[in-house]
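Take a look at the letters that make up each chain.
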Amino acid sequence: LINRSYSPKEEVEIINFVNMSQQRFSSPNENQKIPMLSHNLDKLVQVPGIYRLHEMRNIVGDQSLEFLKNIPQPDSFDFESMNEYISPSNDSKLLDFAKLHKCKFLMSTSTISYFLSHLSYLVTQFQEPNFSCLSTYHEFERLKYMNAQKKPYTSFLKCLDKTKNIWCLDSDNGIFTPNHLILIQMGKILERMYTMEPDHFNGVYVKDKKAIDRYQPLEEDYHRYMILNNNICLRSQIDARSTVNDKEIVFEIKTRALAPLRYDVYNYKDYLDYSIREIYGEVSTYEREYYDLIRGAFLKYFFQLKIGSMDGALIGYHNSIENFGFEYVSMKTIEETLFGSSQKADLL
């Protein structure tokens, strides 16, 4: 028999965000640690727009054009030479930083952005993003967030230090290998391709071309930290840096598999002949990919960029065997698309 009158005692702590304070921390020599783009790709950040790879010979040169076009496959790539992702609960530097600043909760942007997305739906009363930047090819499409964006999300709250009462939020990766493993692998490979010269990349990561005696792996990933209300510590990974109008900026690198591969990732090899051919249109276009970015990725990008004080995201479009082009999307563009203006985004 179940005693339905019994309920366990719960301890609830309310965190007041009315007068929220923010502190941002970055290393004084972070410009020496954050990589820059290789192959003259920095121009894409200087002058944003859509850059089709087959038209970029004058920008990147013959060698880099061929290098960027053909993507090494996971079975030929040495992932062991790459820095592993460190979850917040296993990040000793993050824990030491939290103890130093007497924070009670610590987490990364990847673990909290999904929860923040759900909160933003409530705060904005499920306001849909703005699709007016698209042509009439998509006027009869679903101009709303993807349903997949609104699905439930779970994480683990782990106690890291009982004496100091420090807790950590870790992602729940489930008990099975993620179905998008190939996309994760492609992201790691392409990020290195964009920030390393061909000989260096091949010498470190491509199994049949390795030359460790000549080339050393890159240093560990660089992170910025933010403290909210003297209580919550957030870790944000910074992918790359540049200089725009004499101002130092940092930004994300986002690799984007084309639509059919994302929709049917288990059978992604069936779509290796799918490519981007035009700027505008319903299929095989940059516009089609941008439509999906608005409804399925921009909100997550927004929180990651905001927490890390980043300027935007460089997006590389691929079908897992070939790169097709690039597009730099600024934080301001993302804010205006999602919320109407940067001022409204700041209120969130």
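Residues numbered from 1 in each chain as written. Predicted model: local features only at pLDDT ≥ 70, side-chain atom pairs only at ≥ 80, totals over all residues. Heavy atoms only, no water.

Q: What's the story with helix α6 (residues 109-123) in this structure? I'm lost.
A: Since the α-helix packs 3.6 residues into each turn, any two residues three or four apart lie on the same face. Counted at 1.5 Å a residue, the expected span for α6 with its 15 residues is 21 Å, and the 19 Å between its end C-alpha atoms agrees. Packed against the buried residues of α6 are β3 (105-108), β4 (155-161), β5 (166-171), β7 (232-238) and α11 (298-307). (Helix = DSSP H or I, 4+ residues; strand = E, 2+ residues; numbered from the N terminus. Expected span 1.5 Å × (residues − 1). Contact = heavy atoms within 4.5 Å.)

Q: Any chance you could explain the sheet that holds strand β2 (residues 50-52) here in plain terms?
A: Strand pairing in a sheet takes place through backbone hydrogen bonds and is either antiparallel or parallel in direction. Across the sheet, 5 strands lie side by side as β2-β11-β10-β9-β8; this open sheet has mixed pairing. Each having just a single partner strand, β2 and β8 (240-244) make up the two edges of the open sheet. Pairwise comparison of adjacent strand axes, ignoring direction, gives a mean angle of 30° for this sheet. Here β8 runs beside strand β9 (residues 247-257); their pairing, made up of 5 bridges, is antiparallel. Bridge pairing links A240 to F251 in β9. In this fold helix α7 (residues 181-195) packs onto β9, β10 (312-318) and β11 (323-330), with an angle of close to 140° to the strand it touches most, β9. Packing against the sheet, helix α12 (residues 331-339) makes contact with β10 and β11, and its axis sits at approximately 75° to β11. (Pairing = 2+ DSSP bridges. Axes fitted to C-alpha atoms, helices over the stretch in contact; angles between N-to-C directions.)

Q: What should I look at first to understand the environment of L314 in this one?
A: Along the chain, L314 turns up in strand β10. Taking relative accessible area as the criterion, L314 reaches 0% and is therefore assigned buried. Once the C-alpha coordinates of L314 and H223 are considered, the two residues, 91 residues apart in sequence, prove to be 18 Å apart. Those residues in contact with L314 that sit more than four places away from it in its chain are L37, L44, F251, E252, I253, K254, F326, E327 and Y328. (Buried < 20%, exposed > 50% of the residue type's maximum accessible area, 1.4 Å probe, protein only.)

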